[in-house]
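# What the coordinates show
For reference, the chains in residue letters:
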There are 2 protein chains.
Amino acid sequence: MAKNDLIKDLGPIAQRTMADVVEKELREYLKKKSFKPGDALPSENELAEALGVSRNVVREALSRLRMLGMIETKKRRGMILSTPDILGSFERVLDPLIIDDSTLQDIFELRLTLEMGLADILYLRKTKKDIEELEAIAKSQDPRGKGQAFRINNEIAFHGKIYRMTGNETLTRFQNMLLPIFGYVISLEKVPQIGKVSHIDLVNILKDGTKEEFRQGMLEHLKPHFNRLKK
Amino acid sequence: MAKNDLIKDLGPIAQRTMADVVEKELREYLKKKSFKPGDALPSENELAEALGVSRNVVREALSRLRMLGMIETKKRRGMILSTPDILGSFERVLDPLIIDDSTLQDIFELRLTLEMGLADILYLRKTKKDIEELEAIAKSQDPRGKGQAFRINNEIAFHGKIYRMTGNETLTRFQNMLLPIFGYVISLEKVPQIGKVSHIDLVNILKDGTKEEFRQGMLEHLKPHFNRLKK
DNA sequence: TACATTTGATATGTACTACATAAATACAAT
DNA sequence: ATTGTATTTATGTAGTACATATCAAATGTA
């Protein structure tokens with residue numbers, strides 16, 4: 001049997017460390033006991049003894065949960081369960097340089113999907129004031145290009161404002177995190193292309209147009225990106 | 001000055017532990033040296049000595065990076081940088097029970113946004129075979145309710161298939177993670193409501209209809225959820 | 001009694017040591 | 001050339017020790 005086949009059939013044995021096990025164990029423990037935010041956890045020593053591992057291992061596992069914001073620790077008081085920032089952990093990993101190309105492409109498409117799906121919530125929440133601010137941003141953007149960096153900043157300012165207009169903080173933060181990826185993928189293209197519908201056009205649609213018109217306008221605006229998608 | 005103002009102005013001093021600092025330090029180190037996946041890292045002892053902390057602290061920081069999939073460790077060989085699973089960390093935190101209500105609502109809307117934005121990529125990639133499979137799923141679903149659990153499973157199967165049809169693995173996994181949240185928020189409503197457009201209707205649109213018709217159909221299908229959104 | 005101060009106990013944070021274990025390397029043997 | 005053996009090295013785990021912050025109780029004071 002060829003070596004490649006062997007690798008395919010067997011693969012490396014996943015060797016889990018005690019810290020891995022304890023992390024999982026703790027997570028299940030928290031779930032099982034249905035701890036609520038603010039509830040106190042047993043001390044590190046108690047956990048270590050109960051699990052039959054060294055305090056060291058417990059601390060490595062706790063360190064992970066702490067990073068995710070699932071627990072907070074105070075000296076003497078002990079540890080309490082808290083409500084994690086769900087995007088915090090995400091943020092740590094979103095570096096274009098360490099993400100594989102396939103996933104980068106996926107994220108690129110994910111962002112396009114969000115952009116095309118915004119219209120409904122946007123039209124539910126947009127205010128006159130918001131549109132005025134968006135217009136100000138769009139007008140400050142000279143269509144005559146001043147280089148790649150300037151163009152990308154424009155994009156960020158404009159689209160970022162649109163997300164903020166939805167009033168959805170998680171969504172806004174999320175798209176903000178996706179921006180570097182998006183920018184990275186765009187930077188790979190040789191000749192930057194611009195859609196037929198400009199930012200100003202979109203603002204005008206937001207003023208008088210319907211949801212459907214806005215969606216159509218956004219599609220046109222993003223057309224160059226959609227055109228690059230592979231079937 | 002009232003106490004609340006004080007808290008607002010000053011806030012608690014964020015007491016960062018050495019592990020926090022080392023984690024950040026390591027992350028910057030990896031970035032600065034522009035390590036690529038597969039590259040070997042210094043040993044724990046070397047890192048500890050260089051940073052002037054105990055090996056213990058270094059291990060707590062490394063444990064976090066290991067959880068995120070940023071590094072892999074093998075005995076004797078040492079540590080190597082690897083490409084993290086960007087959704088892996090996300091998954092760990094997505095428990096409806098520990099997320100605050102405001103964020104739950106945000107995620108609910110995020111999922112609706114994705115659903116409404118899918119049409120373009122879906123129409124780019126859908127195949128005849130996919131539609132047939134989707135139809136099979138839709139037809140196996142008896143519209144006469146068999147209880148909440150059955151209805152939710154139907155939703156998951158059908159919409160899950162739609163996401164898979166986009167060929168975007170990250171997107172598919174992402175929505176799969178959002179499902180528990182979505183289900184949880186829905187379960188809070190007293191009287192379950194069903195949109196005018198059924199799954200079978202959506203399949204039929206996919207067969208013959210346009211992108212815009214599909215989007216309109218999806219909007220109708222999700223109408224009960226959209227109606228619950230607050231302005 | 002009410003309030004301020006001191007003291008003690010406790011849980012986390014950090015350091016250090018020790019050893020088991022796995023794995024790469026070199027070398028010997030069949 | 002493949003297999004077996006010894007050595008070395010880095011991680012994985014255990015355990016001890018102590019600093020530090022903080023809660024709680026005890027003590028002192030008006």
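The coordinates are above.
Anyway, here's the lowdown on the structure attached to this text. (Residues numbered from 1 in each chain as written. Chains lettered and ligands numbered in written order. Predicted model: local features only at pLDDT ≥ 70, side-chain atom pairs only at ≥ 80, totals over all residues. Heavy atoms only, no water.)

## Thoughts on the nonpolar core
Side chains of nonpolar character tend, in soluble globular proteins, to be buried together. F90(A), L94(A), F214(A), F90(B), L94(B) and F214(B) are the most contacted members of the largest nonpolar core, which totals 132 residues. If we skip the residues at most four places from it in the chain, L94(B) touches I86(A), I99(B), I107(B), M177(B), L178(B) and I181(B). (Core = buried A, V, L, I, M, F, W, Y, C linked by side-chain atoms within 4.5 Å. Buried < 20%, exposed > 50% of the residue type's maximum accessible area, 1.4 Å probe, protein only. Contact = heavy atoms within 4.5 Å.)

## So, helix 10 (residues 169-187) of chain B
The end-to-end C-alpha separation of helix 10 of chain B is 27 Å, in line with the 27 Å expected for 19 residues at 1.5 Å each. Capping of helix 10 of chain B at its N-terminal end is provided by N168(B); its side-chain oxygen lies 3.2 Å from the backbone amide nitrogen of T170(B). (Helix = DSSP H or I, 4+ residues; strand = E, 2+ residues; numbered from the N terminus. Expected span 1.5 Å × (residues − 1). Polar contact = N/O pair within 3.5 Å; in protein donor to acceptor, adjacent residues only side chain to side chain.)

## Observations regarding the interface of chain A and chain B
On the chain B side, the residues contacting the 54 residues of chain A number 54 residues. Around 5400 Å² of area is buried between chain A and chain B when both sides are counted, 58% of it from carbon and sulfur atoms. If you look at where chain A meets chain B, you find eight salt bridges. Across the pair R92(A) and E23(B) runs a salt bridge whose closest N-O atoms are separated by 2.9 Å. The set of elements that each furnish at least two residues to the side of chain A that touches chain B consists of helix 2 (18-32), helix 4 (55-67), helix 5 (88-93), helix 6 (101-117), helix 7 (119-125), helix 10 (169-187) and helix 12 (211-227) of chain A. The class makeup of the residues in the side of chain A that touches chain B is 25 nonpolar, 10 polar and 19 charged. (Buried area = accessible area lost by both parts, 1.4 Å probe. Salt bridge = Lys/Arg side-chain N within 4 Å of Asp/Glu carboxyl O. Nonpolar A, V, L, I, M, F, W, Y, C, P; charged D, E, K, R; others polar.)

## Details of the protein's contact with DNA strand D
In the neighbourhood of DNA strand D, 22 residues make up the surrounding shell, with M18(A), S54(A), R55(B), R59(B) and R76(B) lying closest. For DNA strand D, the fraction of atoms within 4 Å of the protein that belong to sugar or phosphate moieties is 70%. A distance of 2.8 Å separates a base nitrogen of DNA strand D from a polar side-chain atom of R55(B). Within the side chain of T73(B), one N or O atom sits 3.0 Å away from a phosphate oxygen of DNA strand D. Broken down by secondary-structure element, the contributors of at least two residues to the surface near DNA strand D are helix 2 and helix 4 of chain A together with helix 4 (55-67), strand 1 (71-74) and strand 2 (78-81) of chain B. (Near = heavy atom within 4 Å.)

## Here's the deal with the pattern of salt bridges
Tallying each qualifying case throughout the model produces 42 salt bridges over all chains. Ionic pairing is found between K24(B) and E28(B), a salt bridge with its closest N-O pair at 3.4 Å. Within this pair, K24(B) and its partner E28(B) are both found in helix 2 (residues 18-32), separated by four residues, close to a single helical turn. Look at E28(B) and you get partly exposed, because its relative accessible area is 41%. Beyond isolated ion pairs, a larger network of salt bridges with shared partners links D20(A), E23(A), R27(A), R64(A) and R92(B).

## Section: the packing of helix 10 of chain A against helix 6 (residues 101-117) of chain B
At a minimum axis distance of 7 Å, the contact between helix 10 of chain A and helix 6 of chain B shows a crossing angle of 60 degrees. For the pair helix 10 of chain A and helix 6 of chain B, contact is made by E169(A), T170(A) and L171(A) and by T103(B), D106(B), L110(B) and T113(B), respectively. For the contact of helix 10 of chain A with helix 6 of chain B, the class distribution of residues is two nonpolar, three polar and two charged. (Axes fitted to C-alpha atoms, helices over the stretch in contact; angles between N-to-C directions.)

## Notes on helix 11 (residues 199-208) of chain B
What helix 11 of chain B keeps buried is the set H199(B), L202(B), V203(B), I205(B) and L206(B). Relative to the axis of helix 11 of chain B, the buried residues are bounded by an arc of 160 degrees and lie together on one face. (Arc of directions from axis to C-beta.)

## Regarding unusual backbone geometry
One non-glycine residue, S34(A), adopts positive backbone phi at about 45 degrees. Turning to its location among the elements, S34(A) is positioned in the loop between helix 2 and helix 3 (44-51).

## Quick word on the environment of I131(A)
All names here are of chain A. Relative to the helices and strands, I131 is located in helix 8 (residues 128-139). Along the backbone, I131 and K207 are 76 residues apart, and their C-alpha atoms lie at a distance of 7.2 Å. Leave out the neighbours within four places in its chain, and I131 touches K126, M165, V203, L206 and K207.

## Thoughts on the protein's contact with DNA strand C
Taken together, the neighbourhood of DNA strand C is formed by 22 residues, with E44(A), R55(A), R76(A), M18(B) and S54(B) sitting nearest. Of everything in DNA strand C that lies within 4 Å of the protein, sugar and phosphate atoms constitute 72%. E44(A) is positioned such that a nitrogen or oxygen atom in its backbone is 2.9 Å from a phosphate oxygen of DNA strand C. Separating a base nitrogen of DNA strand C from a side-chain N or O atom of R55(A) is a distance of 2.8 Å. Elements with a minimum of two residues in the surface near DNA strand C: helix 4, strand 1 (71-74) and strand 2 (78-81) of chain A together with helix 2 and helix 4 of chain B. Considered class by class, the residues forming the surface near DNA strand C number five nonpolar, seven polar and 10 charged.

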